[in-house]
Amino acid sequence: MAAIPETQTAVVINAFGPEYAKNITIGTIPVPKPGPGEVLLRITCRPLNPADVFSALGVYPGFTPKTMPAVLGLEGVGTVAALGEGCTGRLAVGQRCVATRWLCVGEGHGTWRQYAAVPEEDLIAIPAELPDEAACQALINPIPVVGMFQEVGAAKGDHVIVTAAGSALGRMAIGYASKEAGVKVIATVRRAEQVEELKAAGADEVIVVRGPEDAAAFKERVLAVTGGKGAAGVLECCAGDMPTIVGPAVRDGGVIIMYGAMNGIELKWNVVDPLFRGVSMKGFWVWPWMNARSAEERRTIMERVVRLMAAGVLPPHKVDARPLEGAVEALEFQATVGRDAKLVLRG
């Protein structure tokens, strides 16, 4: 390993708000020293997620720095640069690692920097066949896919609706459902050109849904595909009108798992579904779901996830790599409709 420098490049936000681009700078901050039981990680790749935009806006509860300025970024991959006192020897200098959680993020010390001190118990080594650009995506998308399929409780052969299925998480959900869970996916998309692509990826049915005007036709198609039973549940990331559209297509006693808010933080839902048909709605957020488990359990989950990623069961999205110094432009591009690649910051 190269000598560890005293300072590092970091993407620093000085104030939250809709004009966040004006408040982000590429700065220089000290490289931390690993404390007892900690590993100094040289971070090499970091993905952009919708939650990163929400972090910059100041509305993401997983990023609440105690003071400003703060460093953005919620996940990443890196190489062990140094070990603090008391480490167990489970990891060695030079090994590539991902974290099961980033405790430092909540305090405003995110992953859009070059070095981070991370508890050894929160790190796992990653296989050589999983490149950095893929491994950096191992937390925020794959863990919810695994967790939400547990929460939705679909049996083998059941159908589950996945909204906005052209997203990185949506594509992972299709792969996991078909190759691991034995569950059939009914995918929703906004663009007709995605239909054949997602069918080729393993979706059993792909339906274009642009708004409430498509609700009746959507329900009719889902009932036809499921033999009149309806879907066991929904993995839902849109909010807005989407629960009203997909809810009637869920069978009695089914569940809508909310994990995102692509259409804003408000949502609409028909009272008939929960009141008379027993359809429930609950949220899924990766941080409390993982934090409720022991360090060993978290590592076991993450080790399974990276194996499934390497095997193509949880396929990482293709990558649009940008330099760390291009974070502002990448954040602005993150909101572009129809992006066909996952943005990743290298450096």
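Definitions and cut-offs
Residues numbered from 1 in each chain as written. Predicted model: local features only at pLDDT ≥ 70, side-chain atom pairs only at ≥ 80, totals over all residues. Heavy atoms only, no water. Axes fitted to C-alpha atoms, helices over the stretch in contact; angles between N-to-C directions. Helix = DSSP H or I, 4+ residues; strand = E, 2+ residues; numbered from the N terminus. Parallel < 35°, antiparallel > 145°, perpendicular 65-115°, else oblique. Left-handed = near helix turned anticlockwise from the far one by under 90°. Contact = heavy atoms within 4.5 Å. Nonpolar A, V, L, I, M, F, W, Y, C, P; charged D, E, K, R; others polar. Salt bridge = Lys/Arg side-chain N within 4 Å of Asp/Glu carboxyl O. Buried < 20%, exposed > 50% of the residue type's maximum accessible area, 1.4 Å probe, protein only. Domains from an automatic or database assignment. Buried area = accessible area lost by both parts, 1.4 Å probe. Polar contact = N/O pair within 3.5 Å; in protein donor to acceptor, adjacent residues only side chain to side chain.

**Q** Mind laying out the packing of helix 3 (residues 142-152) against helix 4 (residues 168-181), listing which residues take part and the relevant values?
**A** Orientation of helix 3 relative to helix 4, taken along the N-to-C sense of each, is 50 degrees, at an axis distance of 9 Å. Comparing the axis directions of helix 3 and helix 4 gives the class oblique. Our pair here, helix 3 against helix 4, has a crossing hand that is right-handed. From helix 3, Pro142, Pro144, Val145, Val146, Met148 and Phe149 reach across to helix 4, where they touch Leu169, Met172, Ala173, Tyr176 and Ala177. Of the residues contributing to the contact of helix 3 with helix 4, the split by class is eleven nonpolar, no polar and no charged.

**Q** Give me the pattern of salt bridges: which residues, what numbers.
**A** Tallied over the entire structure, the rule returns 15 salt bridges. Salt-bridge contacts for lysine 282 lead to glutamate 151; the nearest nitrogen and oxygen are separated by 2.9 Å. Of this pair, lysine 282 sits in strand 14 (residues 280-283) while glutamate 151 is found in helix 3, placing the two residues 131 residues apart along the sequence. Among the residues examined, glutamate 151 registers a relative accessible area of 33% and is labelled partly exposed. Sharing partners across several salt bridges, the network here consists of Arg101, Asp122 and Arg298.

**Q** Run through the domain arrangement of the protein, naming residues and quoting values.
**A** Along its sequence, the protein is organised into domain 1 (7-137 + 316-346) and domain 2 (141-286). Placing a centre on the C-alpha atoms of domain 1 and another on those of domain 2 gives a separation of 30 Å. Each side of the interface is counted separately: domain 1 has eleven residues, and domain 2 has ten residues. Approximately 790 Å² of surface area, both sides summed, lies buried where domain 1 meets domain 2, with 58% of it carried by carbon and sulfur atoms. Linking domain 1 with domain 2 are zero salt bridges. Where domain 1 touches domain 2, the interface holds one residue pair in polar contact (both at pLDDT 80 or more). Here the side of domain 1 that touches domain 2 is built from residues that sort into five nonpolar, five polar and one charged.

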